[in-house]
Amino acid sequence: MAFGIGTNPPQADAGNVRGTQRRIACECWFTSTGRIMPLMLKIQDEDGQIHTIREITVHSQEKKRYAGVPSIEYDCTLTLRGKSVRAWLIYYQSENRWVVNFR
């Protein structure tokens, strides 16, 4: 019989991301303490047109693991085409990749 001591991951896995994910380009600021703050993002719509979003209000941020991949999730409100939209920006640290998730 084995007990598997020390085999538990240091942080619980959040499973798979729910909702619609879209790849984005994100301009961000790194503070002197290493905190990442998204400033602007660009997203491509279904017609291939690229939209720039500069109005980003970050409500909270949380370090998570999705399917074992370390990430930082930002709960935000974005102003898109004059409308406020709730979204989650996710930065996959090991892949250096940003996505926006609309749930």
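Our subject is the structure that appears above.
The paragraphs below set out a description of the structure included in this document. These numbers come from a predicted model, not from an experiment. (Residues numbered from 1 in each chain as written. Predicted model: local features only at pLDDT ≥ 70, side-chain atom pairs only at ≥ 80, totals over all residues. Heavy atoms only, no water.)

1. A short note on the side chain of Thr77
Here comes step 1: Inspection of the secondary structure assignment puts Thr77 in strand E5 (residues 69–80).
Here comes step 2: Excluding anything up to four places from it in sequence, Thr77 contacts Glu55, Ile56, Thr57, His59, Ser84, Val85 and Arg86. (Helix = DSSP H or I, 4+ residues; strand = E, 2+ residues; numbered from the N terminus. Contact = heavy atoms within 4.5 Å.)

2. Quick look at the packing of aromatic side chains
Here comes step 1: In the structure shown here, the tally under the stated rule is 2 aromatic pairs.
Here comes step 2: Through pairs of rings, three or more aromatic residues link up here, namely Tyr74, Tyr91 and Trp98. (Phe/Tyr/Trp six-rings, centres within 6.5 Å; stacked < 30°, edge-to-face > 60°.)

3. Side note on a nonpolar patch on the surface
Here comes step 1: A surface patch of nonpolar side chains, about 310 Å² in accessible area, is lined by Trp29, Met37 and Leu39.
Here comes step 2: Residue position: Met37 is located in strand E2 (residues 36–44).
Here comes step 3: Accessibility expressed as a relative area gives 36% for Met37, which makes it partly exposed. (Patch = residues over 30% accessible without salt bridge, like charges linked within 9 Å, V, L, I, M, F, W, Y side chains within 5 Å. Areas by Shrake-Rupley, 256 points an atom, 1.4 Å probe, with all protein chains shown as cover. Salt bridge = Lys/Arg side-chain N within 4 Å of Asp/Glu carboxyl O. Buried < 20%, exposed > 50% of the residue type's maximum accessible area, 1.4 Å probe, protein only.)

4. Here's the deal with the nonpolar core
Here comes step 1: Judged by nonpolar contacts, the single largest core of 16 residues is most densely connected at Ile24, Leu41, Tyr74, Leu78, Leu89, Trp98 and Val100.
Here comes step 2: Only strand E1 (20–30), E2, E5, strand E6 (83–92) and strand E7 (97–102) provide two or more residues apiece to this core.
Here comes step 3: Considering each element in turn, this core owes the most residues, 4 residues, to E5.
Here comes step 4: Filtering out sequence-adjacent residues up to four positions away, Leu78 remains in contact with Leu41, Ile53, Glu55, Ile56, Lys83, Ser84, Val85, Ala87 and Val100. (Core = buried A, V, L, I, M, F, W, Y, C linked by side-chain atoms within 4.5 Å.)

5. Comments concerning the pattern of salt bridges
Here comes step 1: Under the defined criterion, the tally for this structure stands at 5 salt bridges.
Here comes step 2: Notably, a salt bridge pairs Glu46 with Arg22, separated by 3.6 Å at the nearest N-O pair. Taken together, the residues span a long stretch of sequence, with Glu46 in the loop between E2 and strand E3 (50–53) and Arg22 in strand E1 at a distance of 24 residues.
Here comes step 3: You can call Glu46 exposed: its relative accessible area is 69%.
Here comes step 4: Using a relative accessible area of 24% as the deciding quantity, one classes Arg22 as partly exposed.
Here comes step 5: Among the salt bridges present, the one from Arg86 reaches Asp75, with a minimum N-O distance of 2.8 Å. Of this pair, Arg86 sits in strand E6 while Asp75 sits in strand E5, placing them 11 residues apart in sequence.

6. Side note on the sheet that holds E3
Here comes step 1: As summarised here, the arrangement of the 7 strands in space is E3-E2-E1-E7-E6-E5-E4, forming an open sheet in which the pairing is antiparallel. The open sheet has two edge strands with one neighbour each: E3 and strand E4 (56–66). Neighbour-to-neighbour, the strand axes of this sheet turn through a mean angle of 35 degrees, independent of strand direction.
Here comes step 2: Here E4 runs beside E5; their pairing, made up of 10 bridges, is antiparallel. In the strand pairing of E5, Ser60 is matched with Asp75. (Pairing = 2+ DSSP bridges. Axes fitted to C-alpha atoms, helices over the stretch in contact; angles between N-to-C directions.)

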